[in-house]
Amino acid sequence: MQSQSSQVLAQRCAVIVLVAGKLQHIQNLSRIQQAMFSLAFKPLDVDERHRCFDVIRGIAVLLVVFAHLDNYQALMVWPISYQPIQGHIGQLGVHLFFILSGALIWLSAKNTLHKPDGWTIYAINRITRITPLYLASILFIVLAKDCYIGRFKPTIDLETLTWHLFFLQSYKPSLLYNLNSVFWTLTYEMTFYLIVPLLLLLKPKPILLAAGTALVLILLSNFPTVAPSFFSYWILFAAGILIIETSTIPKPWFSVWLLLVATALFTAQPKLLLAEQLFAIACFMVMINFKFQSGVFKPVAFVGVISYSIYIWHAVLIHLVLPYLGKPQPILAPQLPFLPFGISIQGVFIVTLIMLVAYTSYRIIEKPSMNRLRMVLQRRLVKR
């Protein structure tokens, strides 16, 4: 029954993606069709949306952090009655990250690869973006392995380290969570980095991207155990690519309509990965319509700027530090029906510690690797 419902949903998704891809060829549409298209879609100004992207990053990483704190009851995001969807909070944050990667990495590659030594510059940019902080966190985990006293303890051996050093951990499930419970996503990020230049060589049209995504969805529904795990998340990267390739996004009313449809699918099949992904895409479409210029969003945008450091360190600190703090002592508990969360003293402490460590890491590791290290490598490897 589950397999049949997965197949039906995948086929429906395929139709939606194909129709969306077809609509992007507005230059081939009649005037009436163009007018209809303009009712639902509007041009995308990427430069104008950079603040928005930072806010979305901030929201995404906070969802992931809150989900992991919720597992330790240090910050209870949902009351007991919402337990069936509790585990999806962190997944939504991860899916938003994948959509952003699809859009921004595709844009970066398009702006870089056509230049002289563009491939070298692209490789340097990608490596310096995620690798130094990733390696630093692995080194820290290895050095601190004997300090873990909670339910999670890292497994350090040659096989684990080898697979992690080459970003391959997600392709061997037995090693997936040996070092850090969030490292699995970096395998897919690195895989996407490698696929993007190959896709650009093919100069894909939006309709081809949409058709390829539809094919992946159908294959996953029929052969879920055979398809590579990376392609289980391909629709998220493809959504980001289509946004950049077509330079259009749904208008607010159409985005809200898509969100309502996606919410209905997600409510009907909350354990189905495709339903989760469509819900994340719809949420992204709604958020990207906002400019987030209000000063209220500045702290969230700042969190977005240091989001990679937060993402890398938060699970390490939760697993390492929280067990030493003892059983969570609530300072705000969900005792009233309209208060759908609880906060503990330990939760406040660990969130503060995460932010301090992440900001320090951003300043001394992440930012220098994206600036000084990148410049040094480009001077040595790029021909002038």
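Residues numbered from 1 in each chain as written. Predicted model: local features only at pLDDT ≥ 70, side-chain atom pairs only at ≥ 80, totals over all residues. Heavy atoms only, no water.

With that settled, the discussion passes to the overall build of the protein. Assigned secondary structure in the protein consists of 15 helices and 5 strands. Taken across its 384 residues, the protein has 50% of its residues classed as buried. (Helix = DSSP H or I, 4+ residues; strand = E, 2+ residues; numbered from the N terminus. Buried < 20%, exposed > 50% of the residue type's maximum accessible area, 1.4 Å probe, protein only.)

This part covers the confidence of the model for the protein. Low-pLDDT portions of the prediction should not be read for the details of their coordinates. Looking at the protein, pLDDT values average 83 and 82% of them are 70 or higher. A low-confidence stretch, residues 22-27 stays under pLDDT 50, and its non-local contacts, those more than four residues away or across chains, total 14 contacts. (pLDDT = per-residue confidence, 0-100. Contact = heavy atoms within 4.5 Å.)

The next subject is a nonpolar patch on the surface. The grouping of Leu 135, Leu 165, Phe 166, Leu 168 and Tyr 171 at the surface amounts to a nonpolar patch, some 460 Å² of accessible area in total. Checked against the element boundaries, Leu 168 lands in the loop between helix 6 (158-165) and helix 7 (184-201). (Patch = residues over 30% accessible without salt bridge, like charges linked within 9 Å, V, L, I, M, F, W, Y side chains within 5 Å. Areas by Shrake-Rupley, 256 points an atom, 1.4 Å probe, with all protein chains shown as cover. Salt bridge = Lys/Arg side-chain N within 4 Å of Asp/Glu carboxyl O.)

So, about the packing of helix 3 (residues 50-71) against helix 12 (residues 298-305). Two elements in contact, helix 3 and helix 12, have axes whose closest approach is 7 Å; the angle formed by their N-to-C orientations is 80°. What the angle tells us is that helix 3 and helix 12 run roughly perpendicular. Touching Arg 51, Asp 54, Val 55, Arg 57, Gly 58, Ile 59, Val 61 and Leu 62 of helix 3 are Lys 298, Val 300, Ala 301, Val 303, Gly 304 and Val 305, all from helix 12. Grouping the constituent residues of the contact of helix 3 with helix 12 by class yields 8 nonpolar, 2 polar and 4 charged. (Axes fitted to C-alpha atoms, helices over the stretch in contact; angles between N-to-C directions. Parallel < 35°, antiparallel > 145°, perpendicular 65-115°, else oblique. Nonpolar A, V, L, I, M, F, W, Y, C, P; charged D, E, K, R; others polar.)

Following the sequence through the fold, Ala 40 ends up in helix 2 (residues 31-40). Put simply, Ala 40 and Pro 250 are 210 residues apart on the chain and 5.7 Å apart in space, counted from C-alpha to C-alpha.

In the contact formed by helix 3 and helix 13 (residues 307-321), the axes pass within 10 Å of each other and the chain directions differ by 5°. Classified by the angle their axes make, helix 3 and helix 13 are roughly parallel. On helix 13, the residues that touch Arg 57, Val 61, Val 64, Val 65, His 68 and Leu 69 of helix 3 are Ser 307, Ile 310, Tyr 311, His 314 and Ile 318. A breakdown of the residues in the contact of helix 3 with helix 13 according to their chemical character gives 7 nonpolar, 3 polar and 1 charged.

Here we come to the nonpolar core. Soluble, globular proteins show a tendency: their nonpolar side chains are buried together. Counting residues in each nonpolar core, the largest one holds 102 residues, and the members touching the most others are Phe 183, Trp 234 and Phe 284. The greatest single-element share of this core, amounting to 12 residues, is contributed by helix 4 (residues 88-112). Not counting residues up to four positions away in its chain, the partners in contact with Trp 234 are Phe 192, Leu 199, Thr 213, Val 216 and Ile 241. (Core = buried A, V, L, I, M, F, W, Y, C linked by side-chain atoms within 4.5 Å.)

Secondary-structure assignment places Ile 127 in helix 5 (residues 118-143). A relative accessible area of 45% places Ile 127 in the partly exposed class. Residues Ile 127 and Met 370 lie 243 residues apart in sequence; the distance between their C-alpha atoms is 9.2 Å.

A few words on the packing of aromatic side chains. Ring pairs (aromatic) are described by centroid distance and by the angle formed between their planes. All told, the structure shown has 25 aromatic pairs when counted by the stated rule. When the ring of Phe 41 is compared with that of Phe 254, the centres are 5.5 Å apart and the planes differ by 70°; the resulting orientation is edge-to-face. A residue pair is termed long-range when its members are at least 10 positions apart, and Phe 41 in strand 1 (residues 41-43) and Phe 254 in helix 10 (residues 252-268) qualify at 213 residues. Judged by its relative accessible area of 16%, Phe 254 falls in the buried class. An aromatic cluster of at least three residues, connected via ring pairs, comprises Phe 98, Tyr 171, Trp 184, Tyr 188, Phe 192, Phe 230, Phe 231, Tyr 233, Trp 234 and Phe 237. In this structure, Arg 126 is placed above the aromatic ring of Tyr 193, and the distance from its NZ or CZ to the ring centre is 5.3 Å. (Phe/Tyr/Trp six-rings, centres within 6.5 Å; stacked < 30°, edge-to-face > 60°. Lys NZ or Arg CZ within 6 Å of the ring centre and 35° of its normal.)

Turning our eyes to something else, we now look at helix 14 (residues 345-370). With 26 residues, helix 14 ought to run about 38 Å at 1.5 Å a step, and its terminal C-alpha atoms sit 35 Å apart, in line with that. The sharpest bend along helix 14 reaches about 50° and sits at Tyr 362. Those residues of helix 14 that sit buried are Gln 346, Gly 347, Ile 350, Ile 354, Ala 358, Ser 361, Tyr 362, Glu 366, Pro 368, Ser 369 and Met 370. (Expected span 1.5 Å × (residues − 1). Bend = angle between axes of the 7 residues up to and from the residue.)

Before going further, it helps to spend a moment on the pattern of salt bridges. Close approach of charged atoms lets side chains of opposite charge pair. Under the defined criterion, the tally for this structure stands at 5 salt bridges. A salt bridge links Arg 57 to Asp 54; its shortest N-O distance comes to 2.7 Å. Of this pair, Arg 57 and Asp 54 both sit in helix 3, separated by 3 residues, roughly a single helical turn. Classification of Arg 57 as partly exposed rests on a relative accessible area of 21%. With a shortest N-O distance of 2.9 Å, Lys 110 and Glu 245 are connected by a salt bridge.

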